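# Observations on the three-dimensional arrangement
So the chains spell out like this:
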2 protein chains.
Amino acid sequence: MAETSQETVKAGILVTGTEVLTAVIRDENGPWLSGRMLELGVELVEIMVVADRPADLLAGLEHMKSAGVDLIVTTGGLGPTADDLTAEVVAEFTGRPLKLDEGMEAKIAAILRRYAATTPIDLSVDAMLAANRKQAMVPDGAVVLDPIGTAPGLAVPGEDLVVLVLPGPPRELRPMWEDALRLPMLQRVLERATPLLSYRLRMFGTPESELASSLREVEAGGLNISNLEVTTCLRRGEVEIDVRYRPAAAAEAEALRDALAQRHAHTLFSFDGTTIDSIVAGLLQGRSLALAESCSAGLLAARITDTPGASGYFAGGVVTYSNRAKTDLLGIDPGLIEAHGAVSPEVAREMATGALERFKADVAVSITGVAGPGGGTEEKPVGFVCFEAITAEGGSQVRSLVIPGDRSDIRERSALVGMHLLRRLLS
Amino acid sequence: MAETSQETVKAGILVTGTEVLTAVIRDENGPWLSGRMLELGVELVEIMVVADRPADLLAGLEHMKSAGVDLIVTTGGLGPTADDLTAEVVAEFTGRPLKLDEGMEAKIAAILRRYAATTPIDLSVDAMLAANRKQAMVPDGAVVLDPIGTAPGLAVPGEDLVVLVLPGPPRELRPMWEDALRLPMLQRVLERATPLLSYRLRMFGTPESELASSLREVEAGGLNISNLEVTTCLRRGEVEIDVRYRPAAAAEAEALRDALAQRHAHTLFSFDGTTIDSIVAGLLQGRSLALAESCSAGLLAARITDTPGASGYFAGGVVTYSNRAKTDLLGIDPGLIEAHGAVSPEVAREMATGALERFKADVAVSITGVAGPGGGTEEKPVGFVCFEAITAEGGSQVRSLVIPGDRSDIRERSALVGMHLLRRLLS
């Protein structure tokens, strides 16, 4: 087995569906399956999106076969209607004639009966029986995967490869993929791949270019990272660092994690992929949080409450968009606003204090800024945002930043900075 | 020309990039180009995603050629580094050797100098000159498209097809696509396609299945819609209806728009693709809006203020997540909350009234509901949400709904219902 474990297992993903090809709906399955294959150590050769046309499907399958793949995963085209053709085309491709699976016919009939009882569907009894029969036609020698929705999946052995036929809706495809991994037919393909280990780090406040320098310096310092696959990605204002490696490179992978943790102690906040949202949720347990938002206008409140159970620590917030609201709702002196401007550290401080008092909270965060596109000045350009995070015990974190990007970027990033200020304040 | 205008022009999109294939970044270019092709009346045969490997690129190009496409658009792989190989592979595919374009070399040098002056990049002078030279190597007979970023694009004539080579970053690809459309080489391909006309309707509150029945009834009533391509899509809680048609079917397309407008007068709110956000923004001009949100926790405030210029009519909002905040911030009688529950039409009414008063506004909307996953009861299950929208003059719109889906769906949909209540209240 030691020899075969060095082999590369190759795969292709064939996404079918006119709606995906014409961009009416976005393909979620290709990227998701790609991630799963990466974890399993399977080399993905291509993702192909085609319409519901038998000739295009067949050409796609043949192309992947000629690329030498061991596994083809198809998504979509398993429904009851005439343009759902994947099973037929895969039967032709693998040279396995379709046969009626009577057990599956009964199962699908039961599902359709349940479905018809709860949903006003537009199928006559005859149409329904035909659909039922169609979905129970299975390539000879294929293994049927039980439906999650109404369509069964298929694992079909071909010449030197396996075709895994999965339904299009992601909530059906994902659990069925897990089911498929347990099939001996799939396991025989996958046991030749070496699963990759991985970890994810998250940073906030270190640019990607600085991280790239760090990686070079760590390498120059004597750590061999050539067997680690390191990808960095700027996602919603944070840098994600994914490190993937074979078990043999585990020591180097751990050494890299330690080296980055040392170099970026202030900005590396997650060592195992934990999100800032769950870190902040943990830090807020047993406390009570209030918010005062201006330019972010509810985005920080929405983000805090996106985590289930937020009602345990989130008292509430005010969105004081107008100056008058800042005065009426938070008691801010109009003279202070006139003296320093609504976007100023002074007003941010009063907003945080006002929120703390009004909500009788333990912790408060304020955000006031120029989201644009209008309203910028030379002194306070579009993107200028002031923050203050305080505790009732007198703790405080203050920031004034110029955030780049458009209105939407500035607002989203403001909420993110608020999350990170909370983390620094409470940890 | 009348004859050739009936031809089908076929195209394929070849997306290159290991980061896209491994789902580190999401492909935005395939769906975007698909939409543009649809508008031009070009039939897209497939989208293929491959890694930055010459053999895979070449196999993809050959596969598309064998599918009989007239146009291949490639995205990505045009950068200065060794794994940016698209121009080389396309040169091989079209049988056109690479030659140095000296004018382009000078242009790119100027761009690189500007870039180096403003960005700490990690290229030696030699590496930079090599990159410059590499990017100025052009297949013989190709037309060069001026760089938007640092990479030029290419239009390369092949045997019976044209390969359009575009850069990967969407902000470079999109303007360059528009530039490419002006090239005689592209126009010769595209003039054989008949551009589609289109319009988009938006509905809220009519299920897709009911719309499908309407379409059948309109057809049964004598309107020929067989030359219209009608796609319906449920997107973020609204139904989008896209109708595409050749100029010859314009009368039927207009008749369909009228028929749907008559049948769904209460739910069809947009006849030309206008969004609910801009409709509500228009209705709010000259007024002042206040919000009181509980389960949606700032999402409606964030949505209202996502529209630039919202400060002209948005006074502010309160997120009263706890019962105490409802009392402290909005003056709601704790006895009322105890008698009816925080999620009740009675409390929704007081929240709206309280917001109107506190912010001295003309219009107010309140939202209070059970977002889940916990907190549901038999009487008030997860997804039960109460709304009230009022004007200072005494206008009112009230709703209590059970919204399906998970926590995130319920919260998002609550904000959307709030938008539509505002539309009904003010129009």
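Everything numeric in this text was worked out from a predicted model, so none of it was measured. (Residues numbered from 1 in each chain as written. Chains lettered and ligands numbered in written order. Predicted model: local features only at pLDDT ≥ 70, side-chain atom pairs only at ≥ 80, totals over all residues.)

### Focus: the overall build of chain A
Counting secondary structure elements, chain A contains 16 helices and 17 strands. Scaling as 2.2 N^0.38, a compact globule of 427 residues should have a C-alpha radius of gyration of about 22 Å, whereas chain A reaches 28 Å, well beyond that. In terms of its C-alpha atoms, chain A occupies a principal-axis envelope of roughly 85 × 65 × 40 Å. Evaluated residue by residue, chain A yields a buried proportion of 43% over its 427 residues. Considering only contacts within chain A whose residues lie at least 6 apart along the sequence, 67% involve residues at least 24 apart. (Helix = DSSP H or I, 4+ residues; strand = E, 2+ residues; numbered from the N terminus. Rg over C-alpha atoms; globule rule 2.2 N^0.38 Å. Buried ≥ 20, exposed ≤ 12 C-beta atoms within 10 Å, placed from the backbone. Contact = placed C-beta atoms within 7 Å.)

### Here we look at the interface of chain B and chain A
On the chain A side, the residues contacting the 51 residues of chain B number 51 residues. Counting residues per element, the ones that place at least two in the side of chain B that touches chain A are helix H2 (29-40), strand E2 (43-50), helix H3 (54-66), strand E10 (228-235), helix H12 (299-305), strand E14 (314-320), helix H13 (323-330) and helix H16 (407-426) of chain B. Residue composition of the side of chain B that touches chain A, by class: 30 nonpolar, 14 polar and seven charged. Relative to E14 of chain B, strand E14 (residues 314-320) of chain A runs antiparallel, the two sharing five bridges. When the bridges of E14 of chain B are listed, Thr320 of chain A appears paired with Gly316 of chain B. (Nonpolar A, V, L, I, M, F, W, Y, C, P; charged D, E, K, R; others polar. Pairing = 2+ DSSP bridges.)

### So, the relation of the copies chain B and chain A
Here the second copy of the chain follows from the first by a rotation about an axis and a shift along it. Mapping chain B onto chain A is achieved by rotating through 180° and translating by 0.3 Å along the same axis, at an RMSD of 0.3 Å. Between the two chains, the operation in question is that of a two-fold axis. (Least-squares fit on C-alpha atoms with pLDDT ≥ 70 in both.)

### Description of the environment of Ser213 of chain B
All names here are of chain B. Along the chain, Ser213 falls in helix H9 (residues 208-220). Assessed through the 14 C-beta atoms surrounding it within 10 Å, Ser213 is described here as partly exposed. Separated by 118 residues in the primary sequence, Ser213 and Gly331 place their C-alpha atoms 48 Å from one another.

### Some points on helix H4 (residues 86-94) of chain B
All names here are of chain B. Burial runs high along H4: seven of the nine residues are buried. Regarding H4, the residues found buried are Thr86, Ala87, Val89, Val90, Ala91, Phe93 and Thr94. In the stretch just after H4, Gly95 is the one whose phi turns positive, near 70°.

### Points about the packing of helix H11 (residues 276-284) of chain B against H16 of chain B
Residue and element names in this part refer to chain B. Two elements in contact, H11 and H16, have axes separated by 10 Å at closest approach and are oriented at 40°. Relative to H16, H11 is oriented oblique. Here H11 runs over H16; the crossing is left-handed. The segment H11 lies against H16, with Ile276, Asp277, Ile279, Val280 and Leu283 engaging Met419, His420, Leu422, Arg423 and Leu426. Tallied by class, the residues present in the contact of H11 with H16 amount to seven nonpolar, one polar and two charged. (Axes fitted to C-alpha atoms, helices over the stretch in contact; angles between N-to-C directions. Parallel < 35°, antiparallel > 145°, perpendicular 65-115°, else oblique. Left-handed = near helix turned anticlockwise from the far one by under 90°.)

### Brief notes about the sheet that holds strand E15 (residues 363-369) of chain A
Strands sit in the order E17(A)-E16(A)-E15(A)-E13(A)-E14(A)-E14(B)-E13(B)-E15(B)-E16(B)-E17(B) across an open sheet of ten strands; the sheet is mixed. The open sheet is flanked by strand E17 (396-402) of chain A together with strand E17 (396-402) of chain B, the only strands paired with a single partner. Direction aside, the axes of adjacent strands within the sheet are offset by 10° on average. Taken together, the five bridges between strand E13 (residues 289-293) of chain B and strand E15 (residues 363-369) of chain B define a ladder with parallel strand orientation.

### Points about the nonpolar core
Judged by nonpolar contacts, the single largest core of 142 residues is most densely connected at Ala355 and Ala364 of chain A together with Ala355 and Ala364 of chain B. With near-sequence residues (within four places) excluded, Ala364 of chain B lies in contact with Ala290, Leu291, Ala292, Ala352, Ala355, Leu356 and Ile390 of chain B. Counting residues in hydrophobic clusters, the runner-up holds 102 residues, among them Leu44 and Val165 of chain A together with Met37 and Leu161 of chain B. (Core = buried A, V, L, I, M, F, W, Y, C linked by C-beta atoms within 7 Å.)

### A word on H11 of chain B
The periodicity of an α-helix, 3.6 residues per turn, causes residues three or four positions apart to be oriented the same way. All names here are of chain B. Every buried residue belonging to H11 is among Ile276, Val280 and Leu284, and all of these are buried. When H11 is viewed along its axis, its buried side chains cluster within an angular range of 70° and face the same direction. Tucked into the core, H11 has its buried residues touching strand E12 (268-270), E13 and H16. Taken from the residues just after H11, Gly286 is the one with a positive phi, measuring 80°. (Arc of directions from axis to C-beta.)

### What to know about the environment of Glu105 of chain A
All names here are of chain A. Secondary-structure assignment places Glu105 in helix H5 (residues 102-118). Glu105 gets classed as partly exposed once you count the C-beta atoms within 10 Å, which come to 18. Along the backbone, Glu105 and Gly316 are 211 residues apart, and their C-alpha atoms lie at a distance of 54 Å. Sequence-distant contacts of Glu105, that is, excluding residues within four places in its chain, are made with Leu100, Asn132, Arg133 and Ala136.

### Some remarks on unusual backbone geometry
In this model, Gly372 of chain A is joined to Pro373 of chain A through a cis peptide bond whose omega is 0°. Following the sequence through the fold, Pro373 of chain A ends up in the loop between E15 and strand E16 (384-391). Its identity as a non-glycine residue notwithstanding, Ala297 of chain B has a phi of 45°, on the positive side. Its place among the elements puts Ala297 of chain B in the loop between E13 and H12.

### Focus: the environment of Thr74 of chain B
Residues and elements named next belong to chain B. Mapping Thr74 onto the fold places it in strand E3 (residues 71-75). Thr74 sits in the buried class, given 32 other C-beta atoms within 10 Å. Note: C-alpha distance between Thr74 and Gly95 (21 residues apart in sequence) is 17 Å. Among all residues touching Thr74, those that are not within four sequence positions of it are Leu14, Thr16, Thr86, Val90, Val163, Val165 and Leu166.

### A short note on the pairing of strand E3 (residues 71-75) of chain A
All names here are of chain A. Of all five residues in E3, five are buried; the element is thus mostly enclosed. Going residue by residue along E3, you find Leu71, Val73 and Thr75 tucked away on one face and Ile72 and Thr74 tucked away on the opposite face as well. In this sheet, E3 lies alongside strand E1 (residues 10-16) in parallel orientation, the contact comprising five bridges. From the neighbouring strand, Leu14 faces E3, where its bridge partner is Thr74.

### Overview of the sheet that holds E12 of chain B
All names here are of chain B. Here we have four strands laid out as an open sheet, ordered E10-E11-E9-E12, and antiparallel in their pairing. Strands with a single pairing partner mark the edges of an open sheet, and in this sheet they are E10 and E12. Between one strand axis and the next, the sheet turns by 30° as a mean value, whatever way the strands run. Note: strand E9 (residues 197-203) against E12, two bridges, orientation antiparallel. Each bridged residue has a counterpart across the sheet, and for Arg202 the counterpart in E12 is Ser270. The strands touched by H9 are E10 and strand E11 (238-245); relative to E10, the strand with the most contacts, the crossing angle is about 165°.

### A word on the pairing of E15 of chain B
Residue and element names in this part refer to chain B. With seven of seven residues buried, E15 is to be regarded as a mostly interior element. Side chains Val363, Val365, Ile367 and Gly369 of E15 all project onto a buried face; the interleaved residues Ala364, Ser366 and Thr368 project onto the opposite face, where all are buried too. Bridging between E15 and strand E16 (residues 384-391) involves seven bridges; their strand directions are antiparallel. Paired with Ile367 across the strands is Phe387, a residue of E16.

### Observations concerning the confidence of the model for chain A
Residue and element names in this part refer to chain A. Of the residues in chain A, 95% have a pLDDT of 70 or more, and the chain-wide mean is 91. The low-confidence segment residues 1-6 (pLDDT under 50) makes two contacts with residues lying over four places distant or belonging to another chain. Both scores are given for the predicted complex: the pTM is 0.84, the ipTM 0.83. (pLDDT = per-residue confidence, 0-100.)

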